[in-house]
Amino acid sequence: MIRFRPRLAPTLFTIPVVAVLVALGVWQLQRLEWKDRLIAERATAVAMPPARPPQTLAEARAMEFRPVVDDGRFLHDKELYLGAMDPGGRAGFQVLTPLREADGRIVFVNRGFVPTELKDPATRPAGQLAGTVNVRGLLRIPPEQKPGWFVPDNRADRNYWFWVDLPAMAAADGLANAAPFYIDADVAPNLGGWPKGGVTPIALPNDHLQYAITWFSLAAALVVIYLLYHRRGGDSA
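Residues numbered from 1 in each chain as written. Predicted model: local features only at pLDDT ≥ 70, side-chain atom pairs only at ≥ 80, totals over all residues. Heavy atoms only, no water.

In terms of helices and strands, the protein carries 4 helices and 8 strands. Counting helices and strands in the order they occur from the N terminus, the protein gives β-α-α-β-β-β-β-β-α-β-α-β. For the protein, the C-alpha radius of gyration of 26 Å lies well beyond 18 Å, the compact-globule estimate for 237 residues. Across its three principal axes, the protein shows a C-alpha extent of roughly 100 × 35 × 30 Å. By the burial criterion, 39% of the 237 residues in the protein qualify as buried. Expressed as a percentage of contacts within the protein between residues at least 6 apart in sequence, the contacts between residues at least 24 apart total 67%. (Helix = DSSP H or I, 4+ residues; strand = E, 2+ residues; numbered from the N terminus. Rg over C-alpha atoms; globule rule 2.2 N^0.38 Å. Buried < 20%, exposed > 50% of the residue type's maximum accessible area, 1.4 Å probe, protein only. Contact = heavy atoms within 4.5 Å.)

As C-alpha cells, then:
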C-alpha cells in the first residue's frame, strides 16, 4: 500500500509556488492573445492604400502604421540623430529631419539609417534633397514617455536621442507647430544611397506560447516532485 503523508514545510512552499507558476502561464496566454491581435492590426494597417497625413492626434492614432504621402521641404540643417543599429549589427543613427508642409506645419520624418561614419551630412550631400519633396512612409505615434527604465535619457544638448520625443525634439530645433506624429520613410532609395529608409519594425516577436508552456511545465514538474517526495510505503506490521 502507498500512503500519502504531506509535510507542512514542503506543502507551504509548493502551493504558492505552483500558484505563481500557473498565474504566469495564464498571463502569457493573455499576452499571446494581445500580441496576435496587435500583429493582425499592424498587418492590416500596412496593407492599406496610402493616405494624406492626419491633422490631429486622435486621427493619427487610428492611422498608425498606415502608409501616408506628404509634401514639403526638408530642413536639413535641423537633422536629429536617433541612436540605432542596422539589421547586420552595424552601429549608427536614424536621421529624423523636419519636413515643413505648405501650410507651415512641421512633420518629422525618419529618413532611415546611416552608419556612424556618415552621420555628418557633408559626407552624404546627394541625399540632402532640396526644394519640395514627396515623402512616402508609415505613420508612427511616438511613446508618451520614456519606453522603459533601461532606456537612457535623451541628450538634446548633444543631439543624441535614444527614443522619439517629438515635443523635446521640436524644442531642440526651435520649431513650433510640430505634428504629434512622425513618418518612417519607406525603402525607396535616396540619392547617394543614404539614409536607408524602411526602418519600421513590422514583424513582431511572438514567443508567448512557448513562455506559457514553460511556466505550466514547471508547475506540473513541481507537483510531480511534491507527490513523489511524499510517497510512503505501507507499514508491514
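There's plenty left to go through after this.
Attention now moves to the packing of helix α1 (residues 8-46) against helix α4 (residues 208-229). Taken N-terminus to C-terminus, the directions of α1 and α4 make an angle of 165°; their axes are 8 Å apart at the nearest point. Considering the angle they form, α1 stands roughly antiparallel to α4. Along this stretch, α1 crosses α4, giving a crossing that reads as left-handed. (Axes fitted to C-alpha atoms, helices over the stretch in contact; angles between N-to-C directions. Parallel < 35°, antiparallel > 145°, perpendicular 65-115°, else oblique. Left-handed = near helix turned anticlockwise from the far one by under 90°.)

Taking 1.5 Å as the rise per residue, α1 with 39 residues should run 57 Å; its terminal C-alpha atoms sit 57 Å apart, in good agreement. When we look at burial in α1, the residues that qualify are T11, T14, V18, L21, G25, Q28, L32, K35, R42 and A45. Buried-residue contacts for α1 involve β2 (67-74) and α4. (Expected span 1.5 Å × (residues − 1).)

Time to look at the environment of I225. Mapped onto the secondary structure, I225 falls in helix α4. A C-alpha to C-alpha distance of 9.6 Å links I225 and T14, two positions 211 residues apart in sequence.

Mapping A220 onto the fold places it in helix α4. In this structure A220 comes out as partly exposed when scored by relative accessible area, which is 41%. Spatially, the C-alpha atom of A220 lies 8.0 Å from that of V18, the residues being 202 residues apart in sequence.

As a further point, take the nonpolar core. Within the largest apolar cluster, 16 residues are counted, with the highest numbers of intra-cluster contacts made by F74, L99, V109, V135, L139, F181 and I183. When residues of this core are assigned to their parent elements, the largest contribution, 4 residues, is made by strand β7 (residues 178-185). Beyond its immediate stretch of four places on either side in the chain, I183 contacts V68, D70, V107, F108, V109, N110, V135, G137 and L138. L82, I106, M169 and Y182 belong to the second-largest nonpolar core, a separate cluster that totals 13 residues. (Core = buried A, V, L, I, M, F, W, Y, C linked by side-chain atoms within 4.5 Å.)

Of all 10 residues making up strand β5 (residues 106-115), 10 are buried, and the element is well covered by its neighbours. In this structure, strand β4 (residues 91-100) lies alongside β5, joined through 9 bridges in antiparallel fashion. Looking across to β5, one finds that P98 is bridged to F108. Turn length for the β4-β5 hairpin, with the two strands adjacent in sequence and antiparallel, is 5 residues, and the turn residue G104 shows positive phi of about 100°. Examined bridge by bridge, β5 and β7 share 4 bridges and lie parallel to one another. Following the sheet pairing, F108 is matched in β7 by Y182. (Pairing = 2+ DSSP bridges.)

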